[in-house]
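Structural features, examined
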Amino acid sequence: MKKVWTVTIAAALLLTACGQKTTNEGGAGATASPAPTAEASAAPGGLQMDKLVLGTSADYAPYEFHKKIDGKDQIVGFDIEIAKEIAKDLGAELEISDSDFDGLLLALNGGKVDLVISGMTPTEERKQNVDFSKIYYKAEQGVIVKKGEEGSYGSLDDLKGKKIGVQKGSIQEGIAQEVEGAKLTSLAKIPELILELTSGRVDALIVEKPVADQYVKTQDSIALADVKIEQSEEEAGSAIAIKKGNQELLDAVNKTIDRLQASGDIDRFVVEANELVGE
């Protein structure tokens, strides 16, 4: 994509002042990080924390999603594995706060969470409100349609005048807003959007391709259209959001990202998360 697609955070924050959902510590969404080991890297400046609260929207497989493991609902995904590593390097216990995507930055700036990892794109408008880490993962965008209709969509131009579903507050909402004559349905959760598509209330969904791939694998009634959406490297990347001015934590997060990328662990986390989705 040749333009910079952004979502105005101020508007998103106003729309989501209510409805913040926080998982109680020790409940289904709370995950303790592994105890720090002797090999755990000390954070820059010796930063150590007793508890690290992660803000995420756990409806975005393989990034973060709910999975029943040994009869217990847990939040898993490769974003969660990255968060565990950050917590380990800080000597901290990891607590997960699960909420709607468009309320995450509100929670961060309100001091309810320490950082946000949720497949979030570091757009220029978001950067005005929060700081971002280095890019830790890059992905393409995908378009999901009803099975049998995928041949009707070969480019974004084919979505002109169509009813498009997107996640509220996401980069995909910005992409859809630029489609001529498109009628948008913006909802908080991806499963809600899938229902809108399968029930015929929207014609197509725009979501990140890794997420689209997972839903197409598990639902026979939908398919991935061959629509290519051009994006710059920055637009296609995911980064970790941290409250402005918290340079010490930002440096610590970047150090962990460097370690995980150098070791190939992030690639491994992505593969394992995809396998977990399919189980």
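Bringing empty space enclosed by the protein into the picture now. If you walk through the whole model with that rule in mind, you get three cavities of 30 Å³ or more. Of the pockets and cavities examined, the largest cavity occupies roughly 70 Å³. Of the residues that constitute the lining of the largest cavity, the class distribution is four nonpolar, six polar and two charged.

Here we come to the confidence of the model for the chain. When pLDDT is averaged along the chain, the result is 84, and 82% of the positions lie at 70 or above. For the stretch residues 1-44, pLDDT sits under 50, and the model shows 98 contacts to residues farther than four places along the chain or on other chains.

Here we come to the sheet that holds strand β6 (residues 115-116). Taken together, five strands build an open sheet; the order of strands is β5-β1-β6-β15-β7 and the sheet is mixed. Two strands close off the open sheet at either side, each with one partner strand: β5 (93-98) and β7 (130-132). Inspection of the sheet shows β6 paired to strand β15 (residues 241-243) by two bridges, in the antiparallel sense. The residue bridging Val116 from the neighbouring strand is Ala241, located in β15. Across the face of the sheet, helix α2 (residues 78-90) comes into contact with β1 (51-56), β5 and β6 while running at roughly 160° to β1. Against the sheet, helix α9 (residues 247-263) engages β6, β7 and β15, with an angle of about 160° to β15.

A few words now on the pattern of salt bridges. Scanning all chains against the criterion turns up 16 salt bridges. In this structure, Asp89 engages Arg259 in a salt bridge whose closest nitrogen and oxygen atoms are separated by 3.0 Å. Placement of Asp89 in helix α2 and of Arg259 in helix α9 is noted, with a sequence separation of 170 residues between them. Judged by relative accessible area, Asp89 falls into the buried class, the value being 6%. Given the relative accessible area of 24%, Arg259 is considered partly exposed. With its nearest N and O atoms 3.5 Å apart, the salt bridge here joins Lys127 to Glu124. Taken as a pair, Lys127 and Glu124 lie in helix α4 (residues 124-127) at a separation of three residues, close to a single helical turn.

Conventions adopted
Residues numbered from 1 in each chain as written. Predicted model: local features only at pLDDT ≥ 70, side-chain atom pairs only at ≥ 80, totals over all residues. Heavy atoms only, no water. 1 Å grid on protein atoms, 1.4 Å probe; cavity = no way out; pocket = protein on both sides within 12 Å on 5 of 7 lines; lining within 4 Å. Points joined across faces, edges and corners; volume = space filled by probe spheres on them. Nonpolar A, V, L, I, M, F, W, Y, C, P; charged D, E, K, R; others polar. pLDDT = per-residue confidence, 0-100. Contact = heavy atoms within 4.5 Å. Pairing = 2+ DSSP bridges. Helix = DSSP H or I, 4+ residues; strand = E, 2+ residues; numbered from the N terminus. Axes fitted to C-alpha atoms, helices over the stretch in contact; angles between N-to-C directions. Salt bridge = Lys/Arg side-chain N within 4 Å of Asp/Glu carboxyl O. Buried < 20%, exposed > 50% of the residue type's maximum accessible area, 1.4 Å probe, protein only.

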